[in-house]
Amino acid sequence: YGGLIYFLKKLNFKETYFNIDIPESLYVCYYYLRKNNINCEFLTDNKTIKKDIVYLIPSNFYKEVTKNIKFNVFFNSASLSEMDRGVCFEYIEMINRKRPKYILHCNSNYLTFPDSKIHVEVLAKDFPIDKNLYHIVYKNISPFQGASGRYRIYLYKLN
């Protein structure tokens, strides 16, 4: 919804920020950010990237749009593990290709409903982050979320 960038802006974050999400969530994010006087634009094609703008990238366009984008940090909170395995792995493959300096994510690391056919999670420990490119700097139970400690925070650094 834009909460992370809202708080980063309060701390005077002046860099470019890319938010990839499903279109429905981005509409809410756009509204929230604009109501808080944060510059944001939808990015659906290859246009000139400007500093200090929040770019909202619909998930159905991210493959094309991210081809020419570079970023130093990739962050994800709780959504990679909730995606279809194929979609999750496509995002991780994009990250491996882009090689940001840091990958920080907080995702589920055990199956809540192991026999469920409708609630299937991808475990964070199974994300195909390239171990030849990255090493784990930090891994621990997330202090930020409930869910009985099933979420883990991982910080990877480019070798």
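Before reading on, note that the structure itself is shown above.
So, a few notes on the structure that sits alongside this text. Since we're looking at a predicted model, the values are computed, not measured.

### Some remarks on the sheet that holds strand β4 (residues 73–77)
- On the basis of which strands lie adjacent, the open sheet formed by 4 strands has the order β4-β5-β7-β6 and mixed pairing. Single-partner strands in this sheet number two, and they are β4 and β6 (134–141). The sheet shows a mean angle of 15° between the axes of neighbouring strands, taken without regard to direction.
- Where β6 and strand β7 (residues 151–158) come together, 7 bridges link them in antiparallel fashion.

### Some words on the side chain of Asn-109
- Of note, Asn-109 is situated in the loop between β5 (102–108) and β6.
- Given a relative accessible area of 12%, Asn-109 falls into the buried group.
- If near-sequence neighbours (up to four positions away) are discounted, Asn-109 is found in contact with Leu-123, Ala-124, Lys-125, Arg-150, Arg-152 and Tyr-154.

### Section: the side chain of Arg-152
- Topologically, Arg-152 is positioned in strand β7.
- For Arg-152, the residues in contact, after removing those within four places along its chain, are His-105, Cys-106, Asn-107, Asn-109, Asn-140, Ile-141 and Ser-142.

### Examining helix α1 (residues 3–10)
- Among the residues of α1, those classed as buried are Gly-3, Ile-5, Tyr-6 and Lys-9. Down the axis, α1 shows its buried residues gathered within 165° of arc, on one side only.
- Of the surrounding elements, those touching the buried residues of α1 are β1 (17–21), α2 (23–35) and β3 (54–58).

### Comments concerning the pairing of β4
- Alternating residues of β4 divide into Phe-74 and Asn-76, all buried, and Val-73, Phe-75 and Ser-77, none buried.
- The pairing of β4 with β5 spans 5 bridges and is parallel. The residue of β5 that forms the bridge with Asn-76 is His-105.
- On the question of chirality, the crossover connecting β4 to the parallel β5 by way of helix α4 (residues 85–98) is right-handed.

### Here's the deal with the nonpolar core
- Core analysis: the largest hydrophobic core is formed by 25 residues, its most contacted members being Leu-80, Cys-88, Ile-92, Ile-103, Phe-127 and Ile-129.
- Listed by contribution, the elements that provide at least two residues to this core are β3, α3 (62–65), α4 and β7.
- By residue number, the principal contributor to this core is α4, which donates 6 residues.
- With sequence-adjacent residues up to four places away left out, Cys-88 is seen in contact with Leu-80, Met-83, Val-122 and Phe-127.
- Grouped together as the second largest cluster of nonpolar side chains are 10 residues, Tyr-17, Cys-29, Ile-38 and Cys-40 included.

Conventions used here
- Residues numbered from 1 in each chain as written.
- Predicted model: local features only at pLDDT ≥ 70, side-chain atom pairs only at ≥ 80, totals over all residues.
- Heavy atoms only, no water.
- Pairing = 2+ DSSP bridges.
- Helix = DSSP H or I, 4+ residues; strand = E, 2+ residues; numbered from the N terminus.
- Axes fitted to C-alpha atoms, helices over the stretch in contact; angles between N-to-C directions.
- Buried < 20%, exposed > 50% of the residue type's maximum accessible area, 1.4 Å probe, protein only.
- Contact = heavy atoms within 4.5 Å.
- Arc of directions from axis to C-beta.
- Right-handed = clockwise from strand over helix to strand, strands pointing away.
- Core = buried A, V, L, I, M, F, W, Y, C linked by side-chain atoms within 4.5 Å.

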